[in-house]
Amino acid sequence: MIKIAPSVLAADLANLGAEVEQIRLGGADFVHFDVMDGCFVPNISMGVPVLRSLRKATDLFLDVHLMIDRPLRYVDAFCKAGADLVNFHVEADTEENLLLAIEKARALGKKTGVTLKPATPAEAVLPYLPLVDLVLVMTVEPGFGGQSFMFDQLPKVTRVRELADAIHPDCEVEVDGGVDAETAPLCIRAGASVLVAGSSVFGKADRAAAIRALRPQT
Ligand code: DX5
Ligand code: ZN
């Protein structure tokens, strides 16, 4: 079963509650929530107070993508604000600190993920794979919505799926960046089971139709 995770980075943030209700009615599985700190990536988006408000507005599963340096400092705050799953970039800190961050989120009852930038090889997930529920493969450079899909990341999606099958078969593989009705089938064929989509959902007036267009067509 393919899960669709619209990214609210592309939503009308002055109407976040209503935007998320539309994607819930449209059949979204997760809400993807992008956190950027202006250091790990050259952009600043939203943080803990917005997540806390969003948690009050929806029961949808909140998939939090932390694009921040040394996320161990904030894992407690994002978990307590209502994240259901916290994604940590493997490039954001030492292996030791990232393992501590993952353990902390798990101890607070949350699911966890590790995320790979385009230049990071699939094998970088190995220290974390037994512990995490999801691996996120970036299909654009993190930092901005609306970029073009990087087709050269597809073999990495397949490789991560192979590693997960060998070590932790329940682990999901998520893709993020430039996912639309044309690129979604390629991601699914490569082994992705969760598709993040910002512009291709919130850029369309009919969100239900946009979400349907990303699912495998029968
Ligand atoms: C980019 C973010 C993405 C972004 C995707 O750094 O991680 O989640 O919102 O946007 P689209 O789907 O428009 O590429
Ligand atoms: Zn994201």
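Residues numbered from 1 in each chain as written. Chains lettered and ligands numbered in written order. Predicted model: local features only at pLDDT ≥ 70, side-chain atom pairs only at ≥ 80, totals over all residues. Heavy atoms only, no water.

Enquirer: Before we move on, could you go through unusual backbone geometry and cite the residues and values that matter?
Expert: Positive phi values are uncommon outside glycine, yet Arg70 reaches one of about 45 degrees. Here Arg70 shows up in the loop between strand S3 (61-67) and helix H3 (75-81). A residue is classified by how much of its surface remains accessible, and Arg70, at 44% relative accessible area, is partly exposed. (Helix = DSSP H or I, 4+ residues; strand = E, 2+ residues; numbered from the N terminus. Buried < 20%, exposed > 50% of the residue type's maximum accessible area, 1.4 Å probe, protein only.)

Enquirer: Describe in detail the nonpolar core, supporting the description with residues and values.
Expert: Generally speaking, a soluble globular protein has its nonpolar side chains buried in company with each other. Core analysis: the biggest nonpolar cluster contains 61 residues, and Val8, Phe88, Val135 and Leu195 have the highest contact counts within it. In contact with Val8, not counting residues within four places along its chain, are Leu13, Leu16, Val20, Val31, His32, Phe33, Met46 and Phe202. If you look at the next biggest cluster of nonpolar residues, it comprises nine residues, including Phe30, Leu85, Leu134 and Val140. (Core = buried A, V, L, I, M, F, W, Y, C linked by side-chain atoms within 4.5 Å. Contact = heavy atoms within 4.5 Å.)

Enquirer: Explain the coordination of the zinc ion (ligand 2) to me, using residue names and the numbers behind them.
Expert: The expected angle between donors at a tetrahedral four-coordinate metal is 109.5 degrees. At an octahedral six-coordinate metal it is 90 or 180 degrees. Around the zinc ion (ligand 2), the protein supplies His32 (NE2), Asp34 (OD), His65 (ND1) and Asp176 (OD) as donor atoms, at distances of 2.0 to 2.3 Å. Around the zinc ion (ligand 2), the six donor atoms are arranged such that angles at the metal cover 71 to 170 degrees; this shape is classified as octahedral. Mapped onto the polypeptide sequence, the residues donating to the zinc ion (ligand 2) form the spacing pattern H-x1-D-x30-H-x110-D. Residue His65 is located in strand S3, and its partner Asp176 is located in strand S7 (residues 172-176); the two are separated by 111 residues in the primary sequence. Overall, the relative accessible area of 9% leaves Asp176 in the buried class. (Donors = N, O, S within 2.8 Å, 3.2 Å for Na, K, Ca; no water. Tetrahedral: all angles 85-135°; square planar, octahedral: opposite > 155°, others 65-115°.)

Enquirer: Pulling in residues and values, what's your account of the pattern of salt bridges?
Expert: One pass over the structure, following the stated rule, counts nine salt bridges. Among the charged side chains, a network of salt bridges with common partners joins Glu123, Arg159 and Glu162. (Salt bridge = Lys/Arg side-chain N within 4 Å of Asp/Glu carboxyl O.)

Enquirer: Run through the state of the cysteines, naming residues and quoting values.
Expert: Tallied over the full model, the rule gives zero disulfides. You can see Cys79 has no disulfide; the closest cysteine sulfur is in Cys171, sitting 17 Å from it. In this structure Cys79 comes out as buried when scored by relative accessible area, which is 3%. (Disulfide = S-S within 2.5 Å.)

Enquirer: Residues and numbers for the environment of Val135, please.
Expert: Within the secondary structure, Val135 sits in strand S6 (residues 134-138). In sequence terms Val135 and Leu116 are 19 residues apart; their C-alpha atoms lie 7.9 Å from each other. In this view, Val135 contacts Val114, Leu116, Val125, Leu129, Val160, Cys171, Glu172, Val173 and Glu174; residues no more than four positions away in its chain are not counted.

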